[in-house]
Structure formats: structure tokens, C-alpha cells
Amino acid sequence: MKFHYILFNAVLLAASGLAWRGPLPRADPTGSTPPPAGSAAPPPPPPGSAPAPAATGAQGVGPKCGKGYTYCGYMLTSNGHNFAPNDISKAYCNGLQELCTNGKPKTDVSQAVFLCMNEQPSNVELLCACSGKCRNDAESNYIAHCDKPCINA
């Protein structure tokens, strides 16, 4: 009889915990879970309104890249990486001082290969100043490289 009393109290305790917290959310067949009860989704924008502009480096979102990945210079200032062109030029001149005059690159910085050194805060270093074009496409498995030899003097 004592065993039934303990089992009955354990079931009551579990049920009261569920009643206090509310029912558990059911799993969606797609694998996603619904938002918890009480959290309202933001209202949809009114019809015909323009989407909110994406954040840029000037609005507080800093540069970002994946540590160890290579990037063409033109990729770092676009494609959501948010590097300022001046930061790319500084990294270029720090890597190849002989190709810079008064802190200004003599060749096209957008056609150079950079290596991401850190993710947060993100910074890059020059790997190769391309004498041709910097490529980063499916044919090359999206690994940034020069189509002609580097001109690193």
C-alpha cells in the first residue's frame, strides 16, 4: 500500500509541474519547433512597403570573414563581409610596402588575395598581389587565387 502512495504522489507532482509550466510544444514533422507560448511573432510589414535596408559597416556591423579562408579584395568590400575599402588598402600596404606610395597601393587592391586571420574581430592579411585577375568561382572550388602569378616583389 505504501508503494501505491509514493507512486500516486510522484504522478501528482509531475502533473502539477506540467500544469504550472503549461504543455510541452509538439514537434513539427519538419524538425522545427514552434515558438514558445506567449512570444508573439513580429507583425508582417504592410503591403507595398519596401524591405528594411541591410546593415553596413557604417551602421555598426563590423567586418566579418571566416578564419583561414581566402578572399579576393573585391569580395571583402561587398557580399556582406563589410570591410571598408581603406582597411583593405591598409592590409595590402602592410603586406607589400614596396607596392605602396604614401599608404596608397600602386596596383588594384580588389584583384589581390587576402587571408582571413581572425573571425572576431575580423582582420585580413595580404597573401598575393595578382598580376592578373583574382578568381573565386565554382571551377576553383571557391578558393580565391590569381589567374596569373603574384607580383609580390
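Our subject is the structure listed above.
Residues numbered from 1 in each chain as written. Predicted model: local features only at pLDDT ≥ 70, side-chain atom pairs only at ≥ 80, totals over all residues. Heavy atoms only, no water.

Some details on helix 3 (residues 85-95)
And then number 1: Looking only at helix 3, the buried set comprises I88, S89, A91, Y92 and C93.
And then number 2: The inward-facing, buried residues of helix 3 abut helix 2 (73-76), strand 2 (100-101), strand 3 (104-105), strand 4 (112-119) and strand 5 (122-129). (Buried < 20%, exposed > 50% of the residue type's maximum accessible area, 1.4 Å probe, protein only. Helix = DSSP H or I, 4+ residues; strand = E, 2+ residues; numbered from the N terminus. Contact = heavy atoms within 4.5 Å.)

Considerations on the pairing of strand 4
And then number 1: Note: strand 1 (residues 70-72) against strand 4, three bridges, orientation antiparallel. Along strand 4, the bridge assignment pairs C72 with V113.
And then number 2: By the bridge criterion, seven bridges tie strand 4 to strand 5 in an arrangement that is antiparallel. Bridge pairing in strand 5 places V113 opposite C128.
And then number 3: Hairpin connection of strand 4 to strand 5: two residues between the antiparallel strands. (Pairing = 2+ DSSP bridges.)

Digging into the environment of N152
And then number 1: With respect to the helices and strands, N152 occurs in the segment after strand 7 (145-146).
And then number 2: Note: C-alpha distance between N152 and S131 (21 residues apart in sequence) is 9.0 Å.
And then number 3: When near neighbours in sequence (up to four residues on either side) are disregarded, N152 contacts L96, L127, C128 and A129.

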